[in-house]
Amino acid sequence: MTDHLKALQSIADANDGTRASGTSGYEESAKYVEDQLRAAGYSPVRQTFSFKAGRRGKPRVESFNILADTGGSAKHTIVVGAHLDSVKEGPGINDNGSGVAAVLETARWMKETGITPANRVRFAFWGGEEEGLYGSQHYVDALSQAERGQTAANLNVDMAASPNGVRSVHDGDGSDFGHAGPAGSKAIEDIFFQYFKENSLTAETTPFDGGSDYDAFLSAGIPGGGLFTGDEKRKTQAQAQSFGGAAGKVLDPCYHESCDTIDNTNSELLQEMSGALAYATAAYAMAKPA
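Throughout this description, residue numbers start from 1 for each chain and increase along the sequence as written. Only residues with pLDDT of at least 70 get local features here, since the model is predicted, and only at 80 or more are side-chain atom pairs given and counted; chain-wide, interface and lining totals rely on the full set of residues. For side-chain calculations, the full set of non-hydrogen atoms in the structure is used, while hydrogens and water are omitted.

**Let's talk about the state of the cysteines**
To keep it simple, the criterion reads: Criterion for a disulfide: a pair of cysteine sulfur atoms within 2.5 Å. Here's how the labels work: a residue is buried when its accessible area is under 20% of the maximum for its type, exposed when over 50%, partly exposed in between, all with a 1.4 Å probe on protein chains only.
In the structure shown here, the tally under the stated rule is one disulfide. Covalent S-S linkage joins Cys 254 and Cys 259, the inter-sulfur distance amounting to 2.1 Å. Handedness of the Cys 254-Cys 259 disulfide follows from its S-S torsion of about -115°: it is left-handed. For Cys 254, a relative accessible area of 10% translates into the label buried.

If you want it as structure tokens, here you go:
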């Protein structure tokens, strides 16, 4: 995964320090992801869309998502996604190169270990997230009613290596923050917590606040959940006791800044969160329909 982060950093360095949608940095990031997927045995496709960003009079931004499928029944599709774009102000290596690395390695691991999924897994790399969640919204809007019904779950990972981060899982049933996802979201929360428990790792819940690509899925009635290690909030004393790190300091001091480089990542935390993503993805891929 560190190699993926290094590659994305090099791409940003060669493209004015950014990987934002509509830039050459985004295009080069996409080519890197596609090459990695093809080398692993997938056949990635681009799903194009455009969006209006910035001041009136500015042209629409042309962008795309990258989608790659495993085998398995399309009647129970699990969408495992991370946004590929950065903000214009920086390279976005924690936000969200870390999520990209986690999804890429989950996809590669499934091929390398010879897992034969009962249910189709669709690995998704979203564009236009930083401008307004445009890529994932376009994906959901393009689904037919039947395809929505066949989407069993969305697993989202957005920021998985915050330098002063925490291990957090979205509050699927709303029991802690009052914003529950559709029926089935609690099961996603539970399976992430099961991984952390089995590996003797502390974890906590984080709310569905609409701030990432799960939002379009939840709004469409599709169960969702995901992983997050923190952004501009400050670490509490209780969190420092549970997770280590510095109380009173920001979870990611370089959130949406030019300093969100590879030096702004926690490799140990990335490994733990990626393990949780792979665990949940395999569990849903192999689950027998109820």
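**Here's the deal with the pattern of salt bridges**
Here is the rule: For this document, the term salt bridge refers to a Lys or Arg side-chain nitrogen within 4 Å of an Asp or Glu carboxyl oxygen. Starting at the N terminus, helices and strands are each numbered in turn, a helix being any DSSP run of H or I of at least four residues and a strand any DSSP run of E of at least two.
Scanning the entire structure with this criterion turns up ten salt bridges. Arg 122 is paired through a salt bridge with Asp 69; the nearest N and O atoms lie 2.8 Å apart. Highlighted residues: Arg 122 in strand β4 (residues 119–126) and Asp 69 in strand β2 (residues 61–69), separated in sequence by 53 residues. Owing to a relative accessible area of 28%, Asp 69 belongs among the partly exposed residues under this scheme.

**Some words on the packing of aromatic side chains**
In this description, a pair of aromatic rings is defined by centroid distance and the angle of the planes. Note the cut-off: The aromatic pairing rule takes the rings of Phe, Tyr and Trp, using the six-membered ring of Trp, and pairs them if the centres are within 6.5 Å, calling planes under 30 degrees apart stacked, those over 60 edge-to-face and the rest tilted. Placement of a positive charge over a ring is assigned whenever Lys NZ or Arg CZ falls within 6 Å of the ring centre and within 35 degrees of the normal to the ring plane.
Applying the stated criterion across every chain yields a total of ten aromatic pairs. Summarising the aromatic geometry, the rings of Trp 126 and Phe 217 are spaced 6.0 Å apart at their centres and angled 50° between planes, so their arrangement reads as tilted. Here Trp 126, found in strand β4, pairs with Phe 217, found in helix α8 (residues 214–219); they are 91 residues apart in sequence, far enough to count as distant. The same class applies to Trp 126 and to Phe 217, which are both buried. An aromatic cluster of at least three residues, connected via ring pairs, comprises Phe 49, Phe 51 and Tyr 134. The positively charged end of Lys 111 is found above the aromatic ring belonging to Tyr 42, 4.7 Å away from the centroid.

**Considerations on the pairing of strand β8 (residues 224–228)**
Successive residues of a regular strand alternate their side chains across the two faces of the sheet. Quick note on the threshold: We call two strands paired when DSSP finds no fewer than two bridges between them.
For β8, a buried count of five out of five residues is recorded, marking the element as mostly surrounded by other parts of the structure. Direction of pairing for strand β5 (residues 151–157) relative to β8: parallel, over a ladder of four bridges. Counted as the bridge partner of Val 157 is Leu 227 from β8. Sheet topology places strand β6 (residues 168–170) next to β8; two bridges connect them, and they run antiparallel. Bridge pairing links Val 169 to Leu 227 in β8.

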